[in-house]
Amino acid sequence: MTRRPQSKSARLTRRTLTAGLGAAGFIAGMAPFNIVRAAGGPLKVGVLLPRSGLQAGIGQDCQRGVDIAPAILKSMGLPELTVMNGDTESNVDTARARAEKLISEGAQLLVGAFDSGQTTAIAQVAEQKGIPLVINIAGAPQITEQGYKFVFRNFPTGPMIVGDAFNNQKEVFAAAGHTPKTVVFLHINDTYGTAIAGAVEHVMPKFNMPYSIVEKIAYDPAARDLSVEVTKAKATNADALLVVSRLNDAMLLTRELVKQRWTPQAILSMGPGWYDDQYFKTLGKLADGPISFVPWYDPHKKLTGVLEAALAKSFPGVQLNTNQVFTFEALLVAADAYKRAGSTDPKALTDAIRTTNITDNASIGPGISFNAKGQNDKVKDGAIQNRGGKDVILAPQDAANTKPEWPMTPYQNRG
Amino acid sequence: MPLEVYLNVAIGGVLTGLVYGLMALGLSVIFGVVRVVNFAHGEMMTVAMFLAVVLCSALHVDPLVLLVPIAAVLFVFGYVLQRGLINPFITRPEHSQFLLLVALAIIITNTLLIIFGPDARTVQTAYGFDSFQFGRIIVDAAKVYAGIAAIIFAAALFVFFRFTLIGKAIRAGADNHTGALVVGLDVKRLYALTFGLGAACVGAAGTMMTLLVDATPMLGPSYTLLAFVIVITGGLGSMPGALVGGVLIGLTEALAGLLFTPSAKSMFAFAILVLVLLFRPQGILGKRLA
């Protein structure tokens, strides 16, 4: 057996090795320039929302806030964002998996996710990976009580929502000239619902409310029939219904109220659902009357007008609401931080978010800034009522544009 | 609480329980004759629910009008399924049957997810917000219609099994497999017919269920479990037992929601199951095995 001579092209010579090392050195030397070039491009923002599943209606409503954002951010002189969509499917485990996937695909900042349970899971991933998360909507207080360094929330916590709701309720009762003496409290049994229910229990005594809660009724988030719950609530003969729900169950509750021929003096909601566009479209005249005590937009702010115009252009017939406003504001925080940081580096972005001070926003309150825990503790609730298929603002006085209608028109008299 | 509150809730529970009972009746009929436990039962019901949703919105008709056509479609589906897929597994060990039907359930759920997505879909009817008032008792109109339809469908099934030749032949095959073969009955065909009839029950129950709840692809496993709870409570293989079990579970869930907490409704249904298994393992109307 003879040894085959090695071909000239396959031989590793000292000259080839030197040329290879030189090329490698050149590429390595160019790498910082590559990063600089990336930093000059759009910021990759992973937007996690429940676009399908039980909360799909609200998730898709939040998505409208994402859809109208690019043109408005550009008009405000803010840098471009590349939105990477992630669907949490209204499920905590999917939310966690999608957050991980978006980060692995290059997301440099996360926004989301409407639901407290899903947001809690995403916050853990963001913190673990060192990627900033700007929460659009989620009220469970514990999310910003964990000592997280990368998590920021421009939305009130449960106790803030409840505290503001009680103040606004007193304003509404005074303006209406009616005060309920008793309420029955119906709440969904998910992370948000139990957080609000806990907050009501702890916060209510401090506010000296004019009514008493005659019964608390918790129900399953996946409940498909709420007839027993409404029968139980009706049997209390309470003046008003205090409720924390989502969209699907808000519609189920309304259907049952109609079927069981019970119209309380007022429906006082401290959660989503009752003001949503889908609620109006599905229930028509039956949608009128409920008052929601929720984070809302200030109709007198300049940005509100801009958002309303953009929404009317892109989605004719859809009303501006919390979902779109706070999702847009989360992207506003991201773009503002990116502009000031001048880099996609997560730490630089996080530092920039921490020093956010946006006063030209849309939500009620003095503006957007974050405390040491990453919470915007200045954002305020409003009181809004469904009237003639639209949302009108009853409180706080600075943001109000009309007076309350009290009591609700009986469902049976609505034609 | 006033008496009418209990009556309102109890009537609603009984009416919902009748629809549950019809669904479970299908499971009971299949097991009673074919001796195969249909682990894809709830998923077949979601197929019927989506058929009802799609056809109602396309044809602008009431779900009750579609009750018989959808039951017929499910009958054909069940017949073909039994002849083509399940029949070869009848003599195989139970774990093989279990795996086959669980696989079928997963395939159905995921097919529905691919076609319709995970969102809830509903049927709009003219009486969607109606209720009947009898003094201080208020009853949901949709539940009344669904309950009446369930009784009529179940009665038709009883008549079929008791008074028709095919029904008698199916009962004979269930009672004595070898004897049925000896007298020349085509037992394989009878099994397929029975599976089809069980599927038709599910089709009718699913169509009526769209009046009461929104359809989502993920409903299947919970309805399969519910059907098992009902037939074991009522007596596995007993047709009247399935209806009685359905009504009992519907009533228990409703009253438990009223007397305790609504979020613990299912817990009480399982508590009934445990009690039945402890004190009457053959079920309320089931026959004790020799």
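The rules we used
Per chain, residues are indexed from 1 in the order of the written sequence. Chains and ligands are labelled sequentially in the order written, the chains with letters from A and the ligands with numbers from 1. Where local features are concerned, this predicted model is filtered to residues with pLDDT of at least 70; where side-chain atom pairs are given and counted, the filter is 80 or more; whole-chain, interface and lining totals use all residues. Counting other C-beta atoms within 10 Å of a residue's C-beta gives its exposure: the residue is buried at 20 or more, exposed at 12 or fewer, and partly exposed in between, where C-beta atoms are placed from the backbone. Each helix is a run of DSSP H or I of at least 4 residues and each strand a run of E of at least 2, with the numbering of both proceeding from the N terminus. Directions are taken from the helix axis to each C-beta atom, and the arc is the one they span. The contact criterion used here is simple: two residues whose C-beta atoms, placed from the backbone, lie within 7 Å are in contact. Source of the domain bounds: an automatic or database domain assignment. Pairing between two strands requires that DSSP report at least two bridges joining them. The handedness of a crossover follows from its direction of travel: if, with the strands pointing away from the viewer, the path from the first strand over the helix to the second runs clockwise, the crossover is right-handed. Here the nonpolar group is Ala, Val, Leu, Ile, Met, Phe, Trp, Tyr, Cys and Pro; Asp, Glu, Lys and Arg are the charged ones; every other residue, Gly included, is treated as polar. Working rule for helices: expected span equals 1.5 Å times residues minus one. Axis definition: a line fitted to C-alpha atoms, over the contacting stretch in the case of helices. Angles run 0 to 180 degrees between N-to-C directions. Angular relationships are summarised with four words: roughly parallel below 35 degrees, roughly antiparallel beyond 145, roughly perpendicular across 65 to 115, and oblique for the angles in between. Rotating anticlockwise by less than a right angle from the far helix to the near helix defines a left-handed crossing, while the corresponding clockwise rotation defines a right-handed one.

A. Here's a closer look at helix 6 (residues 165–175) of chain B. Residues and elements named next belong to chain B. The set of residues buried in helix 6 consists of Ile-170, Gly-173 and Ala-174. The arc that holds every buried residue of helix 6, seen down its axis, measures 100 degrees, which confines them to one face. In this structure, helix 6 carries Leu-165 and Asp-175 as exposed residues pointing more than 90 degrees from its buried face. On its buried side, helix 6 packs onto helix 1 (3–34), helix 5 (141–163), helix 7 (177–182) and helix 8 (187–212).

B. How the structure looks around the domain arrangement of chain A. All names here are of chain A. Entries for chain A in the domain assignment read domain 1 (40–157 + 300–380) and domain 2 (159–296 + 382–413). Relative placement of domain 1 and domain 2: their C-alpha centres are 27 Å apart. Listed by partner, the interface residues are 25 residues for domain 1 and 27 residues for domain 2. Every element with two or more residues in the side of domain 1 that touches domain 2 is listed here: helix 2 (56–67), helix 5 (116–129) and helix 12 (322–341).

C. Spatial organisation of the pairing of strand 9 (residues 266–269) of chain A. All names here are of chain A. By the alternation rule, side chains of strand 9 split into Ala-266 and Leu-268 and Ile-267 and Ser-269, which are all buried. Here strand 8 (residues 240–244) pairs with strand 9 via 4 bridges, running parallel. By the bridge assignment for strand 9, Leu-241 is matched with Ile-267. Handedness of the crossover joining strand 8 and strand 9 through helix 9 (residues 247–259) is recorded here as right-handed. Handedness of the strand 9-helix 10 (residues 277–283)-strand 10 (residues 291–295) crossover: right-handed.

D. Looking closely at the interface of chain B and chain A. Each partner contributes to the interface: chain B provides 23 residues, whereas chain A provides 23 residues. Those elements that provide at least two residues to the side of chain B that touches chain A are helix 1, strand 2 (137–140) and helix 10 (239–259) of chain B. Here the side of chain B that touches chain A gets 4 residues from one element, more than from any other, and that element is helix 1 of chain B. Here the residues of the side of chain B that touches chain A sort into 13 nonpolar, 7 polar and 3 charged.

E. Here's a closer look at helix 11 (residues 265–279) of chain B. Residue and element names in this part refer to chain B. For helix 11, with 15 residues, the first-to-last C-alpha span of 22 Å sits near the 21 Å given by 1.5 Å per residue. Among the residues of helix 11, those classed as buried are Lys-265, Ala-269, Ile-272 and Val-276. Buried residues of helix 11, seen end-on, are gathered within an arc of 55 degrees and therefore sit on one face of the element. With respect to the buried face of helix 11, the exposed residues turned more than 90 degrees away are Met-267, Val-274 and Leu-278.

F. Structural context of the packing of helix 10 of chain B against helix 11 of chain B. Residues and elements named next belong to chain B. Two numbers describe how helix 10 lies on helix 11: the axes approach to 8 Å, and their chain directions differ by 135 degrees. Regarding the angle of helix 10 to helix 11, the classification is oblique. Helix-helix and strand crossings are classified by hand; for helix 10 and helix 11 the assignment is right-handed. Contacts between helix 10 and helix 11 involve Leu-248, Ile-249, Thr-252, Glu-253, Ala-256 and Gly-257 from the first element and Lys-265, Ser-266, Phe-268, Ala-269 and Ile-272 from the second.

G. Summary view of the environment of B:Ala269. All names here are of chain B. Secondary-structure assignment places Ala-269 in helix 11. Residues Ala-269 and Thr-252, spaced 17 residues apart in sequence, show a C-alpha to C-alpha distance of 6.3 Å. Those residues in contact with Ala-269 that sit more than four places away from it in its chain are Val-229, Ile-249, Thr-252 and Glu-253.

H. Fine view of the packing of helix 9 (residues 220–234) of chain B against helix 11 of chain B. All names here are of chain B. Their axes nearest at 9 Å, the elements helix 9 and helix 11 cross at an angle of 35 degrees. Considering how the two elements wind past one another, helix 9 and helix 11 form a crossing that is left-handed. Across from Val-229, Ile-232 and Thr-233 in helix 9, the residues of helix 11 making contact are Ala-269, Phe-270, Ile-272, Leu-273 and Val-276. Of the residues in the contact of helix 9 with helix 11, the class split is 7 nonpolar, 1 polar and no charged.

I. Broad picture of the sheet that holds strand 12 (residues 390–395) of chain A. Residue and element names in this part refer to chain A. Spatially, the 7 strands line up as an open sheet ordered 7-6-8-9-10-11-12, and their pairing is mixed. Strand pairing shows two members of the sheet lacking a second neighbour, strand 7 (212–219) and strand 12, which therefore form its edges. If you compare each strand with its neighbour and ignore which way they point, the axes differ by 25 degrees on average. The strands touched by helix 7 (residues 191–207) are strand 6 (182–188), strand 7 and strand 8; relative to strand 6, the strand with the most contacts, the crossing angle is about 150 degrees. Against the sheet, helix 8 (residues 227–235) makes contact with strand 6, strand 7 and strand 8, and its axis sits at roughly 170 degrees relative to strand 7, the strand it touches most.

J. Representation of the environment of A:Leu54 in the model. Along the chain, A:Leu54 falls in the loop between strand 1 (43–49) and helix 2. A tally of 25 C-beta atoms within 10 Å means that A:Leu54 is categorised as buried.

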